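Given next are the chains, with one letter for each unit.
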Amino acid sequence: MATGMGGEPEAVTPAQAAYAALLRFARAEMFHPGELMGSERALAERLGIGRAVLRQAIDRMESEGTVRRVLGRSGGVFFNDGRIQRHLNTVEGVPQMVLHQGRSIATRVLRADMGLPQPDERRNLQLGGGDAVLRIQRLRLVDGVSWSLDLSVLPAARFPGLLSHPLTGSLYHLLTSEYGLELDRADETVEAVPATEHQSEVLGVAPGSALLEIRRLAWDLQGAPVEYAHDFFRADRTRVHMQKYGTNWKRTVRLGRE
């Protein structure tokens, strides 16, 4: 306990008491990074603390990186270790995924051009030998720090004029709003790999640093492949999250599209 100049114990402020209570609660419940601790209202009731005072404690813990607060219907106070969750059970665009976690995201376009497909691109996108593809490579930064290096390859004939649009936002949102694309599903494979010299230079990490490599193939509602992607995420900033559903396939499809 802190003491004053006369040796007397200093009074603990309500905000300090709330901070200590919230820390004790987090430790006692053994929350894992990314786990919801509760809404402000629920936490205030659980700890017997006024919401105004609780907010001061949450502000302090948020500034320390111990929790993060997310607004909205699916929001609340989440235990935190600074990593960004990369969800595998949704075809939601990456910017929305990050913004829902209360983080800021910026995108730098490193490459945007048209060319002939490589063998794996032609095979996965089911293209003919003379069909062209669009390649869009982007660097993602979350809270001003590099997070991922993303490459999307798309059939050029399906998305004419795409490269003339701004490409720093959600690519899926752009394809939906401008080209009427309706995504149905995506297959993703995750593998841990060391950063190459080029990747380390772009991401600002040491050569050989751990990356999470994600290969993705996305289809529209008609069953046509529309994107073949190859992304690299910094492992020190990323947590992969996935939900599994039961054997009720109708419920699974409904939840996957909500």
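Here is what the cut-offs are and how they apply
Within each chain, residue numbers correspond to sequence positions counted from 1 in written order. In view of the model being predicted, local features appear only for residues whose pLDDT reaches at least 70, and side-chain atom pairs are presented and counted only at 80 or more, with totals across whole chains, interfaces and linings using the full set of residues. Only hydrogens and water are set aside when side-chain values are computed; all heavy atoms of the structure are taken into account. Comment: elements are numbered from the N terminus, with helices defined as DSSP H or I runs of at least four residues and strands as E runs of at least two. Type-normalised accessible area, obtained with a 1.4 Å probe on protein chains alone, sets the label of each residue: buried when under 20%, exposed when over 50%, and partly exposed for intermediate values. How sure the predictor is of each residue is captured by pLDDT, a score from 0 to 100. Residue contacts follow a heavy-atom distance rule, with two residues in contact if any of their heavy atoms lie within 4.5 Å. Any two strands between which DSSP finds at least two bridges are classified as paired. The convention used is that axes are lines fitted to C-alpha atoms, helices contributing only their stretch in contact, and that angles between N-to-C directions extend from 0 to 180 degrees. The term salt bridge refers to a pairing of a side-chain nitrogen on Lys or Arg with a carboxyl oxygen on Asp or Glu at a separation within 4 Å.

A. Structural detail: the environment of Arg 41. Its location among the elements puts Arg 41 in helix H2 (residues 40-47). Residue classification places Arg 41 among the exposed residues on the basis of a relative accessible area of 55%. Taking the C-alpha atoms as reference points, Arg 41 and Arg 51, 10 residues apart in sequence, are found 6.8 Å from one another.

B. Broad picture of the confidence of the model for the protein. Overall, the predicted model of the protein reaches an average pLDDT of 85, with 85% of residues at or above 70. For the stretch residues 252-258, pLDDT sits under 50, and the model shows 5 contacts to residues farther than four places along the chain or on other chains.

C. Seen up close, the sheet that holds strand E7 (residues 145-155). Across the sheet, which stays open at both edges, the 6 strands sit in the order E5-E6-E7-E10-E9-E8 with antiparallel pairing between neighbours. One side of each edge strand has no neighbouring strand; the edge strands of this open sheet are strand E5 (105-115) and strand E8 (183-194). For this sheet, the mean inter-axis angle between neighbouring strands, taken without regard to orientation, is 15°. With 10 bridges connecting them, strand E6 (residues 133-142) and E7 associate as antiparallel partners. Across the sheet, the residue bridging to Arg 140 is Ser 148, located in E7. Across the sheet, helix H6 (residues 171-179) is in contact with E6, E7, E8, strand E9 (210-220) and strand E10 (225-234); its angle to E7 comes to roughly 35°.

D. Structural context of the pattern of salt bridges. As enumerated under the stated definition, the model contains 17 salt bridges in all. A salt bridge links Asp 59 to Arg 69; the nearest nitrogen and oxygen atoms lie 2.3 Å apart. A residue pair is termed long-range when its members are at least 10 positions apart, and Asp 59 in helix H3 (residues 51-64) and Arg 69 in strand E2 (residues 67-70) qualify at 10 residues. According to the relative accessible area criterion, Asp 59 is partly exposed, its value standing at 40%. With relative accessibility at 18%, the residue Arg 69 sits in the buried group. Between Arg 135 and Glu 121 there is a salt bridge, with its nearest N and O atoms 2.7 Å apart. Placement of Arg 135 in strand E6 and of Glu 121 in helix H5 (residues 119-124) is noted, with a sequence separation of 14 residues between them. With relative accessibility at 8%, the residue Arg 135 sits in the buried group.

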